[in-house]
Amino acid sequence: FSERTFIAVKPDGVQRGLVAKVIARFEERGYKLVGLKAIVPSKELAEEHYGDLKSKPFFGGLVDYMTNGKAPVVAMVWEGKDVIRQGRVMIGATNPLDAAPGTIRNSYCQVIGRNIVHGSDSFESAEKEISLWFGKAGELIDWTSA
Ligand code: CMP
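It should be emphasised that the depicted structure is a prediction, and the values quoted were computed from it without experimental measurement.

(A) Broad picture of the pattern of salt bridges. Across all of its chains, the model carries 6 salt bridges by this definition. Put simply, Lys32 and Glu79 hold a salt bridge, and the shortest N to O gap is 3.6 Å. Taken as a pair, Lys32 in strand E2 (residues 32-39) and Glu79 in strand E3 (residues 73-81) lie far apart in primary sequence, 47 residues in all. Note on accessibility: Lys32 and Glu79 belong to one class, buried. Among the salt bridges present, the one from Lys43 reaches Glu47, with a minimum N-O distance of 3.2 Å.

Shown next, in the form of structure tokens:
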């Protein structure tokens, strides 16, 4: 059955010109883009997005890096069969050095704190992240492909 996931190219990925490559992976796999925007998130948004990591030593740095405005986040919602799990597989392990060959992180990065892309890790986090980043009416488009 069809579902939706939240995928973001993070500021380092935008800075490095990797937005099109990330989008291409999902388009070419046959997933449907239903939401897209460039945004410099507020501190509140970033802290809520990464709420599970509040106790981690890198939390402050992570929030700063997401919000400092040196580059935006390119936030997306993708729809399709098993896209939450498949998106995680396509992105690869959080630590790029553990990411399997062919995954986005294996292809384009090396450092865990600059791993260029984020994807929801469960149905619950997809729901939470989609409403957090695309909470306003009309931000997501229902459309029929082919
Ligand atoms: P992401 O998939 O966005 O989810 C949590 C993020 O925290 C992760 O990617 C990394 O960017 C960051 N992160 C996880 N572990 C570390 C770490 N040890 N040091 C710095 N950043 C980290």
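(B) Up close: the site of the ligand. In the region of the ligand, the neighbouring residues are Lys10, Tyr50, Leu53, Phe58, Leu62, Thr94, Arg105, Ile112, Gly113, Asn115 and His118. One of the side-chain N or O atoms of Tyr50 is found 2.6 Å from an oxygen atom in the ligand. In isolation the ligand offers 450 Å² of accessible surface; the protein chains occlude 77% of this area. Comparing atom positions with the cavity grids shows the ligand to sit within the largest pocket. Each residue belonging to the shell around the ligand can be placed in one class, and the counts come to 5 nonpolar, 4 polar and 2 charged.

Definitions and cut-offs
- Counting restarts for each chain: residues are numbered from 1 in the order of the written sequence.
- Only residues with pLDDT of at least 70 get local features here, since the model is predicted, and only at 80 or more are side-chain atom pairs given and counted; chain-wide, interface and lining totals rely on the full set of residues.
- Computation of side-chain values: all heavy atoms of the structure, hydrogens and water removed.
- Counted as salt bridges are all cases of a side-chain nitrogen of Lys or Arg within 4 Å of a carboxyl oxygen of Asp or Glu.
- For helices the rule is a DSSP run of H or I covering at least 4 residues; for strands it is a run of E covering at least 2, with both sets numbered from the N terminus onward.
- When accessible area is computed with a 1.4 Å probe and restricted to protein chains, residues below 20% of their type maximum are described as buried, those above 50% as exposed, and intermediate ones as partly exposed.
- Definition of nearness: a residue and a molecule or strand are near each other if at least one heavy atom of the residue lies within 4 Å of the molecule or strand.
- Any pair of N or O atoms that falls within 3.5 Å is considered a polar contact. Within protein, one atom must be able to donate a hydrogen and the other to accept it, and sequence-neighbouring residues count only if both atoms are side-chain atoms.
- Only the protein chains shown count as cover for residues, with accessible areas throughout obtained via the Shrake-Rupley method and a probe of 1.4 Å.
- Definitions used throughout: a 1 Å grid over protein atoms alone; a cavity as a set of points that fits a 1.4 Å probe which cannot get out; a pocket as an open set with protein on both sides within 12 Å along at least five of seven lines; a lining residue as one with an atom within 4 Å of a point.
- Pocket or cavity membership: a molecule qualifies when more than half of its atoms sit within 2 Å of the grid points of that site.
- Following the grouping adopted for this structure description, the nonpolar residues are Ala, Val, Leu, Ile, Met, Phe, Trp, Tyr, Cys and Pro, the charged ones are Asp, Glu, Lys and Arg, and the polar ones are all others, Gly among them.

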